[in-house]
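Single-letter residue listing:
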Protein chains: 2
Amino acid sequence: MEEQDIIRALGALAHDIRLRVFRALVVAGPEGMTPGRLGEALTVAPTTLSFHLKELCNAGLLLQARSGRNLIYRADYARMGALMAYLTENCCAGDACAVTPPSCTNC
Amino acid sequence: MEEQDIIRALGALAHDIRLRVFRALVVAGPEGMTPGRLGEALTVAPTTLSFHLKELCNAGLLLQARSGRNLIYRADYARMGALMAYLTENCCAGDACAVTPPSCTNC
DNA sequence: TCCATAATTCAATTATTGTTGAAATGTATT
DNA sequence: AATACATTTCAACAATAATTGAATTATGGA
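Residue numbers restart at each chain and count upward from 1, following the sequence in its written direction. The lettering of chains begins at A and the numbering of ligands begins at 1, in the order of writing. Local features in this predicted model are restricted to residues of pLDDT 70 or higher, and side-chain atom pairs are both shown and tallied only at a pLDDT of 80 or more, whereas totals for entire chains, interfaces and linings draw on every residue. Values shown for side chains rest on all heavy atoms present in the structure; no hydrogens or waters enter the calculation.

1. Considering the protein's contact with DNA strand D
Reasoning step 1: The full set close to DNA strand D counts 20 residues, and Gly36, Asn70 and Tyr73 of chain A together with Thr47 and His52 of chain B are the nearest of them.
Reasoning step 2: The nearness test applies per residue and asks whether one of its heavy atoms lies within 4 Å of the molecule or strand. Counting only atoms of DNA strand D within 4 Å of the protein, the sugar-phosphate share comes to 61%.
Reasoning step 3: A distance of 2.3 Å separates a phosphate oxygen of DNA strand D from a polar side-chain atom of Tyr73 of chain A.
Reasoning step 4: Contributions of two or more residues to the surface near DNA strand D are made by helix H3 (35–42), helix H4 (46–58) and strand E2 (70–75) of chain A together with helix H4 (46–58) of chain B.
Reasoning step 5: Side-chain classes follow a simple rule in which Ala, Val, Leu, Ile, Met, Phe, Trp, Tyr, Cys and Pro form the nonpolar group, Asp, Glu, Lys and Arg form the charged group, and the remainder, Gly included, forms the polar group. Each residue belonging to the surface near DNA strand D can be placed in one class, and the counts come to five nonpolar, ten polar and five charged. For the purposes of these results, a polar contact is taken to be a pair of N or O atoms within 3.5 Å, where, inside protein, one atom must be able to donate a hydrogen and its partner to accept one; residues adjacent in sequence count only when each atom of the pair is a side-chain atom. Strands are runs of DSSP state E lasting at least 2 residues, helices are runs of H or I lasting at least 4, and numbering of each runs from the N terminus.

2. With respect to the side chain of Asp76 of chain B
All names here are of chain B.
Reasoning step 1: Mapping Asp76 onto the fold places it in the loop between strand E2 (70–75) and helix H5 (77–90).
Reasoning step 2: Of the side chains with opposite charge, Arg79 comes closest to the buried, unpaired Asp76, at an N-O distance of 5.7 Å.
Reasoning step 3: Here, two residues are considered to be in contact whenever any of their heavy atoms come within 4.5 Å of each other. In this structure, Asp76 is in contact with Gly60, Leu61, Leu62 and Leu63, ignoring residues within four places of it in sequence. Think of it in three bands: residues with accessible area under 20% of the maximum for their type are buried, residues over 50% are exposed, and the middle band is partly exposed, with areas taken using a 1.4 Å probe on protein chains only. Charged-residue counts in this description rest on Lys and Arg as positive and Asp and Glu as negative, His and the chain ends being excluded. For this analysis, a salt bridge means a side-chain nitrogen from Lys or Arg found within 4 Å of a carboxyl oxygen belonging to Asp or Glu.

3. Digging into the relation of the copies chain A and chain B
Reasoning step 1: Superposition of the copies was done by least squares, using only C-alpha atoms of residues whose pLDDT is at least 70 in both. Note on the identical chains: chain A maps onto chain B by a rotation of 180° and an axial translation of 0.0 Å, with an RMSD of 0.0 Å. Taken together, the turn and the small shift mark the pair as related by a two-fold rotation axis.

4. Remarks on the pattern of salt bridges
Reasoning step 1: Under the definition given, this model contains five salt bridges over all chains.
Reasoning step 2: When the shortest N-O distance is used, the salt bridge between Arg20 of chain A and Asp16 of chain A registers 4.0 Å. With Arg20 of chain A and Asp16 of chain A both in helix H2 (residues 16–28) and four residues apart, this pair spans about one turn of that helix.
Reasoning step 3: With relative accessibility at 28%, the residue Arg20 of chain A sits in the partly exposed group.
Reasoning step 4: Salt-bridge contacts for Glu3 of chain B lead to Arg23 of chain A; the nearest nitrogen and oxygen are separated by 3.0 Å. A residue pair is termed interchain when its members come from two chains, as with Glu3 of chain B in helix H1 (residues 3–13) and Arg23 of chain A in helix H2.

5. Here's the deal with the packing of helix H1 (residues 3–13) of chain A against helix H2 (residues 16–28) of chain B
Reasoning step 1: Orientation is described by lines fitted to C-alpha atoms, with helices fitted over the stretch in contact, and by angles between N-to-C directions that extend from 0 to 180 degrees. In contact at an axis separation of 10 Å, H1 of chain A and H2 of chain B are set at 105° when each is read in the N-to-C sense. The angle between H1 of chain A and H2 of chain B falls in the class roughly perpendicular. Contact residues: Glu3, Ile6 and Ile7 of chain A in H1 of chain A; Asp16, Leu19, Arg20 and Arg23 of chain B in H2 of chain B.
Reasoning step 2: For the contact of H1 of chain A with H2 of chain B, the per-class residue count stands at three nonpolar, no polar and four charged. Throughout, the term roughly parallel applies to angles under 35 degrees, roughly antiparallel to angles over 145, roughly perpendicular to angles from 65 to 115, and oblique to all others.

What is shown is where atoms sit, not what they do.
In structure tokens:
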């Protein structure tokens, strides 16, 4: 992941609506969610939501697919993982930022 | 760390100069760096650099101290760690985003 | 005290982002 | 084909962030 992509991804997540959208999609899992359901769950107007979904897509954090007349948005876990990896490698030092994932608690 | 703090931290890092500044300070370690050295190393004008250092401070990612007529900026590793923890817990799912830190490679 | 250095603050300007409602697109149903 | 629904695109506007040079604050040394 290029530095420019990192900046775009960070910028995309640095907004309350977008962070909430992304979290909701992470929770939703592989099934994803439609803009309709998202807007209902988060109380965001369709136009506003569409704008932010596009931002997240452009940043590469979401994947879009069509199902009938609905669009389905999904979190791109691989992209998020790449972002985490970048931050861990470049913006952390020593143990200070060492985040211990659940699977490693016994290390 | 409150959601609002997360957004500010992400927003602070979502800028090329600020990301480079933060990385340089992470690399510099506990000794930190002065704006003078940073500006030299990164080729950023004093006023511009000062603006971005302030942004990073406001976001809680940097610590500031004075030493004679120099100011010394340091990365706040704990804050960065808290940011990483938040993202790991809230924006990742399953193994897809599981970042394996160096110390855990044998797990 | 006076000067030089390090860095910040201020104010004006420009550029980028975010919001909103109206209009348009695409798809399913009858 | 006609209608309804889900969603996006467009265009105008409002708000926020970034850049720049000049002026200011703070410290140390002659």
